[in-house]
Number of protein chains: 2
Amino acid sequence: MSKSLPAVITTLERAGGFASAQEVFQLMRKQGKSTGLATVYRALQKAVSENTVDVLRKDDGEALYRLCATGHHHHLVCTSCGKTVEVEGSAVEKWANTVAKNNGFKKVSHVVELFGLCQKC
Amino acid sequence: MSKSLPAVITTLERAGGFASAQEVFQLMRKQGKSTGLATVYRALQKAVSENTVDVLRKDDGEALYRLCATGHHHHLVCTSCGKTVEVEGSAVEKWANTVAKNNGFKKVSHVVELFGLCQKC
DNA sequence: ATTGATATTGATAATCATTATCATTTCTGG
DNA sequence: CCAGAAATGATAATGATTATCAATATCAAT
Ligand SMILES: [Mn+2]
Ligand SMILES: [Mn+2]
Ligand SMILES: [Zn+2]
Ligand SMILES: [Zn+2]
């Protein structure tokens with residue numbers, strides 16, 4: 001997964017914003033790459049696990065990926081215009097781990113998204 | 001959709017307030033109800049659109065439904081057996097409001113769910 | 001009560017993103 | 001070079017969700 005991952009990331013970068021695995025796959029095919037769909041999924045999963053790529057889900061459940069400059073963080077999304085601000089959540093990380101530990105849970109992950117109306121809206 | 005919806009909601013309530021559409025369907029079958037899977041989906045969608053039921057997604061993308069709690073709280077869910085613990089999040093509430101204010105957002109809501117493996121799993 | 005329009009339902013098939021397989025190819029250390 | 005390990009891509013399988021559609025219930029107006 002060392003050879004294909006950079007190509008997948010580059011394609012995701014060229015895609016601009018959010019893109020699904022299927023879209024990344026199609027884009028790579030259009031550029032003549034022969035990378036397989038399974039490899040695209042593998043690369044994106046690895047990237048997500050390494051926190052170099054963000055993943056969130058559309059309303060229909062499809063996963064969308066986006067290149068992420070910084071490390072683990074969350075989002076503040078305007079429900080009207082879609083404007084998205086990346087936010088730090090060190091307080092939340094700490095809280096999540098504490099809660100999990102208090103309840104005997106292991107391998108904890110969390111979903112934290114904020115929604116509201118931005119200044120323009 | 002008027003006749004089946006109450007039964008679906010009642011079943012969701014019995015499930016402990018947290019279940020997938022498939023689980024609700026199975027539960028109803030075990031109780032002798034002949035309600036179809038499609039109807040369960042229809043009822044849950046309607047309930048979500050009416051804000052009487054919340055929907056969130058597991059890491060694998062499956063949708064989970066729960067009755068809207070009277071009091072605001074969050075959940076720690078076992079990704080293996082589905083065990084759910086309700087947790088307080090006052091630290092998170094404060095953090096969410098601060099972040100929103102710092103970014104000029106109004107009418108902020110948030111989605112905060114924790115996932116992991118419980119002691120048994 | 002009888003019609004007929006309309007909405008609801010449940011079984012079934014179709015959709016489609018994601019995963020699992022597996023044979024083939026590519027890497028790697030020696 | 002060479003065996004073993006890792007990566008890859010084609011393909012099939014999985015499984016939740018959605019779309020169909022014929023059958024049935026609802027209901028207002030005769
Ligand atoms: Mn991000
Ligand atoms: Mn909260
Ligand atoms: Zn906005
Ligand atoms: Zn468990």
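Our subject is the structure that appears above.
Residues numbered from 1 in each chain as written. Chains lettered and ligands numbered in written order. Predicted model: local features only at pLDDT ≥ 70, side-chain atom pairs only at ≥ 80, totals over all residues. Heavy atoms only, no water.

## Section: the protein's contact with DNA strand D
The environment of DNA strand D is formed by 17 residues, the closest being Met1 and Arg42 of chain A together with Gln22, Tyr41 and Gln45 of chain B. The sugar-phosphate portion of DNA strand D accounts for 73% of its atoms within 4 Å of the protein, the bases making up the rest. At 3.0 Å from a phosphate oxygen of DNA strand D is found a side-chain nitrogen or oxygen belonging to Arg29 of chain A. Broken down by secondary-structure element, the contributors of at least two residues to the surface near DNA strand D are helix H3 (37-49) of chain A together with helix H3 (37-49) of chain B. No other element matches H3 of chain B, which puts four residues into the surface near DNA strand D. (Near = heavy atom within 4 Å. Polar contact = N/O pair within 3.5 Å; in protein donor to acceptor, adjacent residues only side chain to side chain. Helix = DSSP H or I, 4+ residues; strand = E, 2+ residues; numbered from the N terminus.)

## Observations regarding the sheet that holds strand S1 (residues 19-20) of chain B
Residues and elements named next belong to chain B. A sheet is described by the order of its strands in space; here three strands give the open sequence S1-S3-S2, paired in antiparallel fashion. Since the sheet does not close on itself, it has two edges, and those belong to S1 and strand S2 (53-57), each with one partner. Relative to strand S3 (residues 63-67), S2 runs antiparallel, the two being bridged by five bridges. Bridging from a neighbouring strand, Val55 pairs with Tyr65 of S3. Lying on the sheet, helix H1 (residues 4-14) is in contact with S1, S2 and S3; it crosses S3 at an angle near 90 degrees. (Pairing = 2+ DSSP bridges. Contact = heavy atoms within 4.5 Å. Axes fitted to C-alpha atoms, helices over the stretch in contact; angles between N-to-C directions.)

## Topic: the protein's contact with DNA strand C
Neighbouring DNA strand C are 18 residues; Gln22 and Tyr41 of chain A together with Met1, Ser4 and Arg42 of chain B lie closest to it. The separation between a phosphate oxygen of DNA strand C and a polar side-chain atom of Tyr41 of chain A is 2.6 Å. Contacts to DNA strand C include Gln45 of chain A, whose side-chain N or O atom sits 2.9 Å from a phosphate oxygen. Elements supplying a minimum of two residues to the surface near DNA strand C: H3 of chain A together with H3 of chain B. The class makeup of the residues in the surface near DNA strand C is six nonpolar, eight polar and four charged. (Nonpolar A, V, L, I, M, F, W, Y, C, P; charged D, E, K, R; others polar.)

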